[in-house]
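# Working through the structure, step by step
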Amino acid sequence: MDWKEKFERLRQKHSVVVKEVRQQQQRPLPVPASVPASPAPVSNADLRLKNFKEMKLSRNKVVVPNLLGRYKIFRAIKKGRRKYYQEKTLIKAYTNLEISGLKIYIKGKELNQYDLNIWLWIIKKFHSHFNNEYLVSFSGYELLKFLNQYRPSKKGYQYLDDVIKRLMTTLFTVQFNYEKKYRFRSSLILSEKANLSDKTYCLNLSDPLVMLFSLENWSLCDFSIRLALKQKELAQEFQLFLTTHKSPFWATKDVLYQDFGSEYKDKSLFLKDFRRRVIKPLQGINFIKKIEEKETAIGFFY
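Residues numbered from 1 in each chain as written. Predicted model: local features only at pLDDT ≥ 70, side-chain atom pairs only at ≥ 80, totals over all residues. Heavy atoms only, no water.

### Comments concerning the sheet that holds strand β14 (residues 297–301)
Taking strand neighbours across the sheet as the criterion, the 3 strands line up as β12-β14-β13 in an open arrangement whose pairing is antiparallel. Every interior strand has two partners, whereas the edge strands, β12 (249–252) and β13 (290–293), have only one. With strand direction ignored, the average angle separating the axes of adjacent strands in the sheet is 15°. The strands touched by helix α9 (residues 253–260) within the sheet are β12, β13 and β14, with β12 carrying the most contacts at an inclination of about 85°. (Pairing = 2+ DSSP bridges. Helix = DSSP H or I, 4+ residues; strand = E, 2+ residues; numbered from the N terminus. Axes fitted to C-alpha atoms, helices over the stretch in contact; angles between N-to-C directions. Contact = heavy atoms within 4.5 Å.)

Rendered as structure tokens:
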């Protein structure tokens, strides 16, 4: 991955990122009037942005950044067990998927799969009305009705407010080493304006984190599949993981236990529950088409 190119945009707009020493660069010689100037080269980052803006998505399709399939940013969390990270805490990658030189840290409340559903919907809305200010406007009624998490009600709007607050207050620190060390700190949502009378919202998104979590190497996910899983968070996490990999995906049972069984002390009990809590629901909604299980590994066809 060309991470230097990605962070070029950050260096230009945010003073917290180390500035390049441009004084040493030679100025290009003036082009004679008789010779037409060559068009400016287009970077890969600009091409990715152009593709993102021009991509047409159906109602149930959403962009899923592959980075979310590599790092445990949004996890399956049991009810009442959401952690609060007082200090900057490293987000671990899934086994053998760590990107060399990239470190992602979190400080604040742990984010779960419900938070991810809101974030993906916000990115989908932003994509359909792309603007360089990274502002996205929507009605709470529209969002809650689409997600079908809660019907538009007092409880539903409170749920939405809580998620937005977490996405605003959970701080990410992204560090990357490329000859020099670069760093960026931000939350996913920088600010919120809301009309509490008609429940409309205007959010200012963090453009570097939108780039990292949406523009770079994405896959397309059917939102209706995630919604069909309802409150089965572990199945949602694994479905996201599979979405960012090609089918068939093979994994050893030891790797599955290491990545998705942290709450289990016994591997055999985890595998039994994994079949019940993950494989069966994903087969039930026809996401997983076939399973091949061997003594030490499982193959997923989807």
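### Observations concerning the pairing of strand β6 (residues 135–139)
Regular strands show a simple pattern: their side chains alternate between the two faces of the sheet. Of the two faces of β6, the one lined by V136 and F138 is fully buried and the one lined by L135, S137 and S139 carries no buried residue. In the sheet, β6 pairs with strand β10 (residues 200–205) via 5 bridges, with the strands oriented antiparallel. Looking at β10, one finds that V136 is bridged to L203. (Buried < 20%, exposed > 50% of the residue type's maximum accessible area, 1.4 Å probe, protein only.)

### Re the sheet that holds β10
With respect to topology, 3 strands assemble into an open sheet ordered β6-β10-β9, the strand pairing being antiparallel. Each edge of the open sheet carries a strand with a single partner, namely β6 and β9 (189–195). Put simply, the sheet's adjacent strands are angled 20° from each other on average, direction ignored. The sheet strands contacting helix α3 (residues 113–128) are β6, β9 and β10, and the helix crosses β6 at an angle near 110°. Sitting on the sheet, helix α4 (residues 140–147) touches β6 and β10, and the angle it makes with β6 is about 75°.

### Some thoughts on unusual backbone geometry
The omega torsion of the bond from S247 to P248 falls at 0°, within 30 degrees of zero and hence cis. With respect to the helices and strands, the residue P248 is situated in the loop between α8 (233–243) and β12. Here Y134, not a glycine, exhibits a phi torsion of approximately 55°, which is positive. Counting through the fold element by element, Y134 comes out in the loop between α3 and β6. If you check the backbone angles, K199 has positive phi at about 60° while not being a glycine. Since its relative accessible area comes to 25%, K199 is described here as partly exposed.

### Some thoughts on α9
Among all positions of α9, only K253, L256, D259 and F260 are buried. For α9, the angular spread of buried residues about the axis comes to 135°, placing them on one side. Those residues of α9 that are buried are in contact with β2 (74–75), α8, β12, α10 (267–284), β13 and β14. (Arc of directions from axis to C-beta.)

### Digging into the packing of α3 against α8
Relative orientation of the contacting elements α3 and α8 amounts to 50°, with a least axis distance of 10 Å. In terms of their interaxial angle, α3 and α8 are classed as oblique. For the pair α3 and α8, the contacting residues are Q113, Y114, L116 and N117 in the first and E233, Q236, E237 and L240 in the second. Class assignment for the residues of the contact of α3 with α8 results in 3 nonpolar, 3 polar and 2 charged. (Parallel < 35°, antiparallel > 145°, perpendicular 65-115°, else oblique. Nonpolar A, V, L, I, M, F, W, Y, C, P; charged D, E, K, R; others polar.)

### Describing the packing of aromatic side chains
Tallied over the entire structure, the rule returns 19 aromatic pairs. On the numbers, 5.2 Å between centres and 85° between planes, the contact of F238 with F260 is edge-to-face. With F238 in helix α8 and F260 in helix α9, the pair connects residues that are 22 residues apart, well separated along the chain. The residues F238 and F260 share a single accessibility class, namely buried. Arranged with centres 5.0 Å apart and planes meeting at 65°, the rings of F238 and F300 form a pair that is edge-to-face. Taken as a pair, F238 in helix α8 and F300 in strand β14 lie far apart in primary sequence, 62 residues in all. Each member of the pair, F238 as well as F300, carries the same accessibility label: buried. Members of the aromatic cluster, connected to one another through ring pairs, are Y94, F238, F241, F249, Y257, F260, Y264, F270, F274 and F300. Across the ring face of Y157, the terminal group of K199 is positioned such that the distance to the ring centre comes to 5.3 Å. Over the face of the ring belonging to F301 we find K290, whose NZ or CZ atom lies 4.5 Å from the ring centre. (Phe/Tyr/Trp six-rings, centres within 6.5 Å; stacked < 30°, edge-to-face > 60°. Lys NZ or Arg CZ within 6 Å of the ring centre and 35° of its normal.)

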